[in-house]
There are 2 protein chains.
Amino acid sequence: MTSHERTGQAEPPDLDVVLTSRARIARNLSGLPFVHRATADQRQSVISRVQLALEPECCSETTTWVDLESVSPLQRRVLYERHLISRQHADQQGPRGVAVAQDESMSVMVNEEDHVRMHALSPGLQPHACFERVLAMDKAAEGAVEWAFHERWGYQTACPTNAGTGVRFSAMLHLPALRLTRELEKVRHAAKDLQLAVRGYYGEGSESSGHFYQVSNQITLGCTEEELLDRFMSTIVPGIVEYERSARQALLRRDRLALEDRVHRDLAILRSARVMKVDEAMRRLSTVRLGVCLELIPNVALDCINGLFQMIQSGHLQQQAGKSLSPPESQAARAELLRQRLSG
Amino acid sequence: MTSHERTGQAEPPDLDVVLTSRARIARNLSGLPFVHRATADQRQSVISRVQLALEPECCSETTTWVDLESVSPLQRRVLYERHLISRQHADQQGPRGVAVAQDESMSVMVNEEDHVRMHALSPGLQPHACFERVLAMDKAAEGAVEWAFHERWGYQTACPTNAGTGVRFSAMLHLPALRLTRELEKVRHAAKDLQLAVRGYYGEGSESSGHFYQVSNQITLGCTEEELLDRFMSTIVPGIVEYERSARQALLRRDRLALEDRVHRDLAILRSARVMKVDEAMRRLSTVRLGVCLELIPNVALDCINGLFQMIQSGHLQQQAGKSLSPPESQAARAELLRQRLSG
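Structure report, in brief. (Residues numbered from 1 in each chain as written. Chains lettered and ligands numbered in written order. Predicted model: local features only at pLDDT ≥ 70, side-chain atom pairs only at ≥ 80, totals over all residues. Heavy atoms only, no water.)

### A look at the interface of chain B and chain A
Residue-level contacts link 15 residues of chain B with 15 residues of chain A. Taking both sides of the interface into account, the surface hidden between chain B and chain A amounts to around 1,300 Å²; carbon and sulfur atoms contribute 63%. Considering only the side of chain B, the residues that lose the most area to chain A are Leu257, Arg265 and Arg274 of chain B, jointly responsible for 42% of the buried surface there. One salt bridge connects Glu280 of chain B with Arg265 of chain A, and the closest N-O pair in it is separated by 2.7 Å. Applying the counting rule to chain B against chain A returns eight residue pairs in polar contact (both at pLDDT 80 or more). Of all elements in the fold, only α9 (225–270) and α10 (278–293) of chain B reach the threshold of two or more residues within the side of chain B that touches chain A. (Contact = heavy atoms within 4.5 Å. Buried area = accessible area lost by both parts, 1.4 Å probe. Salt bridge = Lys/Arg side-chain N within 4 Å of Asp/Glu carboxyl O. Polar contact = N/O pair within 3.5 Å; in protein donor to acceptor, adjacent residues only side chain to side chain. Helix = DSSP H or I, 4+ residues; strand = E, 2+ residues; numbered from the N terminus.)

Written out as structure tokens, the structure reads:
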């Protein structure tokens, strides 16, 4: 039973393949230099003005403002592992911060690459809901600040690939069957032809850990947000989703027992190991997630598995332990967490 | 709890390393050619005379006579898998048979390489008990038959390596820690220097499946049985046993968590897999046996594991299924058996 079933909410659509969807709007304040050229004072001024403009979104009771300059590296790491800030945002210097909704359905990075990057996040394939949410934030802010805007080029961004609408849609896709059937390269090629970026679980440069692939539009210029949304989220992503589902059914048809064997072995190892590296855990959780979606495993909730992909990261483990952990200590803590969470 | 604890019997000595000990006496009837030169009639005559001579041992209520010429290949295979007959005895042609005690502590192969090969088998390191038992059989038979005997060379056997006393002692040793610490080659070299033969779980030519090594004396000529027994079983084997125990303790000291990890992973896989080849099962059962002996696993009985090494063999699986099984069917049946037997 998923948490949605428990709470009576509707199950998010396409959750078997789409872990989350996301919409992002990049904006910069008019009259102030881009972040990489701004002084500390100017960046501080960005923070104040954005906080004021986005007060209802960023400073409500259900939202936390995190001053990234003053928190510990571990706290930054945990935010990064939860996909609430980028690695760049975690690692860079100077005044910067992030507003995070309690339910993590929204985050606003301030002074990352652009002055403001507003994100809305939903489980499953719900791009419209995400887009409406960031659009509302953008509209709310527009009354209080002036965004850098060019008549011809649209919203200005630090990197030209984000100029124009400044909107990016992305979906975190779980594609274990396409990987097992070796059809993933086809998807990569198709994505390239369609001008989509394909990244790993932790964005640019990260490996496709756990067989997760973050697919997003590369172009934000030359079309409206609605056209982008329609093209990307209403046709391309559902196409990949169906492709993965076919591969899953093909695996079942071809050798159901071999697939069951794989799934049950991986679950058993996750439930029993005493030490485990993160890559191994991601890989085995991925197989188990496939098994849960195909109903090969009773009594393991999809929610539980989805949460573990983040909980097993080193930062989370150290936060949980309340101290820094050496690599061997992390491996032992990871195995213990998995045993606890997955034991029947 | 072992079956010995349950029944109140004393635990066999050195069961942590010595699966079984065995004494064997090879004898041939005087006045009849060796098996490989004997006609079918002569072999039949061997059978009749041996059955008569060994009546109390071979034809009692607790002993079964199996006519290997008339039983099915599967029945022969099962006897071979239980170490009650040799592969040669199973596969050769012509009149031949075996008397097997109900508790399998004794077997008498008739018309294998020699007319008679009497075996006594005990769990753990109990060579004296085994030797006394085969000696008693030999003495009992001597009243009724005349063994081929040469004043100078002793008891005559089909192969000269068995001539003299005709006695061979062997021990089935479980040496997983020496394998893990890569010290097994030292044991092999020492065994060679001491004129011992080292074979695998299924005797000559078989691989050291499950990290079992059957160690036996190669020479039966030029010394008394007592000297052989004393040298082989009272000094050499206990030496290897201590060597393996030291290696186990070294593994625990060096990285207890890594060893626990290995043991628990292998047990989990045995409890969960849907298909499994025999080699993999032997290997993982071996690790689990090590874990049980080192008390790293609660609630798994050593008896259960010891029994599984035979029960997972193809012949046993087919006998259990009551039909012949293809390799994939065997792999599925093996996995199912392991799940059943090892589930908490």
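### Here we look at the pairing of strand β5 (residues 116–123) of chain A
Within a regular strand, side chains alternate between the sheet's two faces. Residues and elements named next belong to chain A. Of all eight residues in β5, six are buried, a share of seventy percent or more. Where strand β4 (residues 106–110) lies against β5, five bridges are found, and the strand directions are antiparallel. Bridge pairing in β5 links Val108 to Met118. Once β4 ends, the chain turns through five residues before running back antiparallel as β5, passing Asn111 with a positive phi of about 65°. (Buried < 20%, exposed > 50% of the residue type's maximum accessible area, 1.4 Å probe, protein only. Pairing = 2+ DSSP bridges.)

### Details of the packing of α10 of chain B against helix α11 (residues 302–311) of chain B
Residues and elements named next belong to chain B. With their axes 10 Å apart at the nearest point, α10 and α11 run at an angle of 160° to one another. In terms of orientation, α10 lies roughly antiparallel with respect to α11. Where α10 crosses over α11, the two elements pack in a sense that is left-handed. Along its contact with α10, which presents Met282, Leu285, Ser286, Val288, Arg289, Val292 and Cys293, the element α11 presents Leu302, Ile305, Asn306, Leu308 and Phe309. For the contact of α10 with α11, a count of residues per class yields nine nonpolar, two polar and one charged. (Axes fitted to C-alpha atoms, helices over the stretch in contact; angles between N-to-C directions. Parallel < 35°, antiparallel > 145°, perpendicular 65-115°, else oblique. Left-handed = near helix turned anticlockwise from the far one by under 90°. Nonpolar A, V, L, I, M, F, W, Y, C, P; charged D, E, K, R; others polar.)

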